[in-house]
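Observations on the model geometry
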Amino acid sequence: MTKENELSESLEDYLETILELQTKNTVARSKDIAERLDIKRGSVTGMLKKLAAHKFIHYEPYGYVTLTASGRKIAQEIESRHIFLKDFLFRILEVDEKTANDTACRMEHAMNKDTFKKFQKFVAFMDACPHRNEK
């Protein structure tokens, strides 16, 4: 089992959030992570320690949080799955944007890599279908 497969949905959410904050602000702070995930600041510390133990983040108490190379890779994969799934729900199924985003967030954690690759092929097939927009 790889480290990625061992990550809980919650830890994946942390990685994705840290990537988002790091992209926007260069670094993430535990205060910002707590605010973004809508949780108490004290809850963040334990999770950051777990991510640091896995060597997915650089973290010191009261300091900034940044992703390691392996943490960044996993976070970008999660973010990519999220964007793809949201696009499918919004563009193809015509689900409203907020619902598409919330549903994609849940789906991104539940779908394994092989299933996701097959799903991507299916969406590519749907996009290429000349009869797709006929009603």
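Preceding this section is the structure that the text describes.
Quick look at the structure, then. No experiment lies behind these values; they were computed from the predicted model shown.

Conventions we followed
Residues numbered from 1 in each chain as written. Predicted model: local features only at pLDDT ≥ 70, side-chain atom pairs only at ≥ 80, totals over all residues. Heavy atoms only, no water. Phe/Tyr/Trp six-rings, centres within 6.5 Å; stacked < 30°, edge-to-face > 60°. Helix = DSSP H or I, 4+ residues; strand = E, 2+ residues; numbered from the N terminus. Buried < 20%, exposed > 50% of the residue type's maximum accessible area, 1.4 Å probe, protein only. Polar contact = N/O pair within 3.5 Å; in protein donor to acceptor, adjacent residues only side chain to side chain. Contact = heavy atoms within 4.5 Å.

**Things to note about the packing of aromatic side chains**
Evaluated as defined, the whole model comprises 3 aromatic pairs. Geometrically, the ring pair formed by F84 and F119 is edge-to-face, given 6.0 Å between the ring centres and 80° between the ring planes. On the criterion of sequence distance, the pair formed by F84 in helix α5 (residues 69–92) and F119 in helix α7 (residues 113–128) is long-range, its members being 35 residues apart. Look at F88 and F119: their rings are 4.8 Å apart centre to centre, the planes differ by 75°, and that puts the pair in the edge-to-face class. In this pair, F88 sits in helix α5 while F119 sits in helix α7, placing the two residues 31 residues apart along the sequence. A single burial state applies to F88 and to F119, both of which are buried. These aromatic residues form a ring-pair network of at least three members: F84, F88, F116 and F119.

**Some thoughts on the side chain of H109**
Considering the arrangement of structural elements, one finds H109 in helix α6 (residues 97–110). Here D13 takes part through its side chain, which lies 2.8 Å from a polar atom of the side chain of H109. A polar side-chain atom of H109 sits 3.3 Å from a polar atom in the side chain of E108. Filtering out sequence-adjacent residues up to four positions away, H109 remains in contact with E9, E12, D13 and I78.

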